[in-house]
Amino acid sequence: MTATDRSQELIDVAAQAAAEKLAHDIIAFDVSDVLSITDAFLIASAANDRQVRAIAEEIEDQLREQLDIKPVRREGEREGRWILLDYLDIVVHVQHSEERSFYSLDRLWKDCPELPLPADALATRNRPEGAVTDAAGNATAGGES
């Protein structure tokens, strides 16, 4: 079994939203062959707690606006180090860089096929961890924050 077209559509919108808020190392895995509860995982990192929240909020906003879908579950917002958004078809993990390194979801799911991502999301694999954002998580020029 492979991820559905609907799951890929959700991944595309979520990955693009994460990239727009300067997430880094965005990756998506097709976990449909090993998990019966979801088709895909999207994993994205952020340099700080504020950015973790901004990325998760942007993903929620874009999925709601573009595809009229809301998460059935949202966890971790209070701590801001790892926010999980469960859309049933996909599960989004937005993690502080330290949590991502420690829990190493990429290593855990490395045997699952990667799903294609929009070009902006693929480009985040080379984005420096400390990319500068404003209070809303938007990219800023120079050293403004």
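Residues numbered from 1 in each chain as written. Predicted model: local features only at pLDDT ≥ 70, side-chain atom pairs only at ≥ 80, totals over all residues. Heavy atoms only, no water.

Concerning the pairing of strand S1 (residues 24–30)
The side chains of a regular strand alternate between the sheet's two faces.
At step 1: Within S1, six of the seven residues are buried, which leaves the element mostly enclosed by the surrounding structure.
At step 2: For S1 and strand S2 (residues 40–46), the ladder comprises five bridges, and the chain directions are antiparallel. Bridge pairing in S2 links isoleucine 27 to isoleucine 43. (Buried < 20%, exposed > 50% of the residue type's maximum accessible area, 1.4 Å probe, protein only. Helix = DSSP H or I, 4+ residues; strand = E, 2+ residues; numbered from the N terminus. Pairing = 2+ DSSP bridges.)

Details of the nonpolar core
At step 1: In this structure, Ile11, Ile26, Leu42, Ile59, Leu63, Val92 and Leu117 are the most contacted members of the largest nonpolar core, which totals 32 residues.
At step 2: Looking at this core, the element that brings in the most residues is helix H1 (residues 5–20), giving eight residues.
At step 3: Setting aside residues no more than four positions away along its own chain, leucine 63 makes contact with Leu10, Val13, Ala14, Asp68, Ile69 and Tyr87.
At step 4: Leu84, Val91, Trp109 and Cys112 belong to the second largest nonpolar core, which has 10 residues in total. (Core = buried A, V, L, I, M, F, W, Y, C linked by side-chain atoms within 4.5 Å. Contact = heavy atoms within 4.5 Å.)

Quick look at the packing of aromatic side chains
At step 1: According to the stated counting rule, one finds three aromatic pairs in the structure shown.
At step 2: Taking 4.9 Å as the distance between ring centres and 85 degrees as the angle between the ring planes, the aromatic pair formed by phenylalanine 102 and tyrosine 103 counts as edge-to-face.
At step 3: Put simply, the rings of Trp82, Phe102 and Tyr103 pair up and form one aromatic cluster. (Phe/Tyr/Trp six-rings, centres within 6.5 Å; stacked < 30°, edge-to-face > 60°.)

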